Amino acid sequence: MRIVVAMKQVPDTTDVRIDEERGTLVREGVPAIMNPFDAYALEEGLRWRDALGWPVIALTMGPPQAMEMLREAVSIGADEALLLSDRAFAGADTWATAHTIASAVEKLGDVAMVLTGKQAIDGDTAQTGPGIAAALDWPQLTFVGRVSEVAGDHVTVERYVEGGCEVLRCPLPALLTILKDANVPRMPSIRGKMKARKMEIPVWGLEELGLEEGEVGLEGSPTRVVRIRTPEMRGGGEIHEGEPEELARLLADRLLGEREPS
Ligand SMILES: Cc1cc2nc3c(=O)[nH]c(=O)nc-3n(C[C@H](O)[C@H](O)[C@H](O)COP(=O)(O)OP(=O)(O)OC[C@H]3O[C@@H](n4cnc5c(N)ncnc54)[C@H](O)[C@@H]3O)c2cc1C
């Protein structure tokens, strides 16, 4: 059995710049990092590797420079790594991304668990994890705040939802999306860094995955980005001070349009 951790390389910025013409984020010249949520997914995988001896494979679908993030995952402790990269994968929406990753998991075989972060900080859809599970026809446990047990044929988790926590168990293989703070991610080790520098990381493209152009990337994406833009900054609000009754009257009048702004 083995554990796959799907990780995304994302722009290291909150100052996201948009190419309104191409309908994409400007990634050129923007430093890239491991998606912060995925560090918790990786740590969860490594915890169960340490407990059960199931090797961890860090996997990403991305451009060649995403190899850097995989080397970081190996320096932290991943046993193997795999880059899914091909020009045909560009422009993928979450469906096409999930479909491509699922086909890699099938090709790897003998995978007991796929772990993902809750969401990526650039696309922010939180759709890829559930999409991979659907493509594999596996059960999925999302918003996992704690993995309390992994046995040969099932996994038990605490799922954090609004107002509480659900304790869920499902058969393996399964997909889990891991919440921030589900654990404390470990740091890269010297040995890990040396291993990462030497490691030959395989790259799988369309051919290795046995996929057609029409089912991956922009071509294979049911959704299209019609327009992407930075919303206009709205003018600042008004701050009023005074007695609660007076302020309540002012607000009511304003809402009813009976008093113009002073
Ligand atoms: C601003 C913006 C808006 C977008 N909106 C949409 C949209 O509404 N609908 C849509 O279908 N696509 C959308 N996309 C495209 C979408 O970003 C990509 O499809 C992307 O590959 C996956 O979606 P995500 O970034 O939302 O990741 P999420 O689904 O939020 O990622 C969840 C987890 O899945 C794993 N994961 C995600 N991507 C990869 C990867 N490439 N390799 C390995 N693991 C991965 C990681 O563990 C991650 O933590 C958008 C992209 C951008 C930049």
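Residues numbered from 1 in each chain as written. Predicted model: local features only at pLDDT ≥ 70, side-chain atom pairs only at ≥ 80, totals over all residues. Heavy atoms only, no water.

Draft legend 1. The overall build of the protein, seen in detail. A tally of regular secondary structure across the protein gives seven helices and 13 strands. Overall, the C-alpha framework of the protein stretches about 70 × 45 × 40 Å when taken along its three principal axes. Taken across its 262 residues, the protein has 44% of its residues classed as buried. Of the contacts formed within the protein by residues at least 6 apart in sequence, a portion of 69% connects residues at least 24 apart. Of the charged side chains in the protein, 28 are positive and 43 negative, and the gap between their average positions amounts to 5 Å. (Helix = DSSP H or I, 4+ residues; strand = E, 2+ residues; numbered from the N terminus. Buried < 20%, exposed > 50% of the residue type's maximum accessible area, 1.4 Å probe, protein only. Contact = heavy atoms within 4.5 Å. Lys, Arg positive; Asp, Glu negative; His and termini not counted. Charge placed at Lys NZ, Arg CZ, Asp CG, Glu CD.)

Draft legend 2. The pattern of salt bridges, seen in detail. If you walk through the whole model with that rule in mind, you get 12 salt bridges. Across the pair Glu149 and Arg169 runs a salt bridge, and its minimum N-O distance is 3.4 Å. Here the residue Glu149 occupies a position in strand E9 (residues 140-150), and Arg169 occupies one in strand E11 (residues 164-171), the gap between them amounting to 20 residues. When its relative accessible area of 28% is taken as the criterion, Glu149 is described as partly exposed. A salt bridge links Glu166 to Arg159, with the shortest nitrogen-to-oxygen separation between them at 3.0 Å. Using a relative accessible area of 18% as the deciding quantity, one classes Arg159 as buried. Here the salt bridges do not stand alone but share partners, grouping Glu43, Arg49, Asp50, Asp79 and Arg186 into one network. (Salt bridge = Lys/Arg side-chain N within 4 Å of Asp/Glu carboxyl O.)

Draft legend 3. The arrangement of the site of the ligand in detail. Around the ligand, a shell composed of 27 residues is seen, among which Ala6, Lys8, Asp38, Thr125 and Thr128 lie nearest. Contact distances for the ligand include 3.0 Å between an oxygen atom and a side-chain N or O atom of Thr97. Interatomic distance of 3.0 Å between a backbone N/O atom of Gly117 and an oxygen atom of the ligand. Among the elements of the structure, strand E6 (56-61), helix H3 (94-108) and strand E8 (111-117) are those that each provide at least two residues to the shell around the ligand. For the shell around the ligand, the residue count by class is nine nonpolar, 12 polar and six charged. (Near = heavy atom within 4 Å. Polar contact = N/O pair within 3.5 Å; in protein donor to acceptor, adjacent residues only side chain to side chain. Nonpolar A, V, L, I, M, F, W, Y, C, P; charged D, E, K, R; others polar.)

Draft legend 4. Highlighting the sheet that holds strand E12 (residues 174-178). Strands sit in the order E11-E10-E9-E12-E8-E1-E6-E7-E13 across an open sheet of nine strands; the sheet is mixed. Where the open sheet ends on each side, the last strands, each with one partner, are E11 and strand E13 (203-204). Note that strand E1 (residues 2-6) and E6 share four bridges and pair parallel. Residue Ile3 lies in a different strand from E6, and its bridge partner there is Val56. Strand contacts of helix H1 (residues 36-52): E1, E6, E8, E9 and E12, with the helix running at about 150 degrees to E8, the strand carrying the most contacts. (Pairing = 2+ DSSP bridges. Axes fitted to C-alpha atoms, helices over the stretch in contact; angles between N-to-C directions.)

Nothing here speaks to function; it is geometry throughout.
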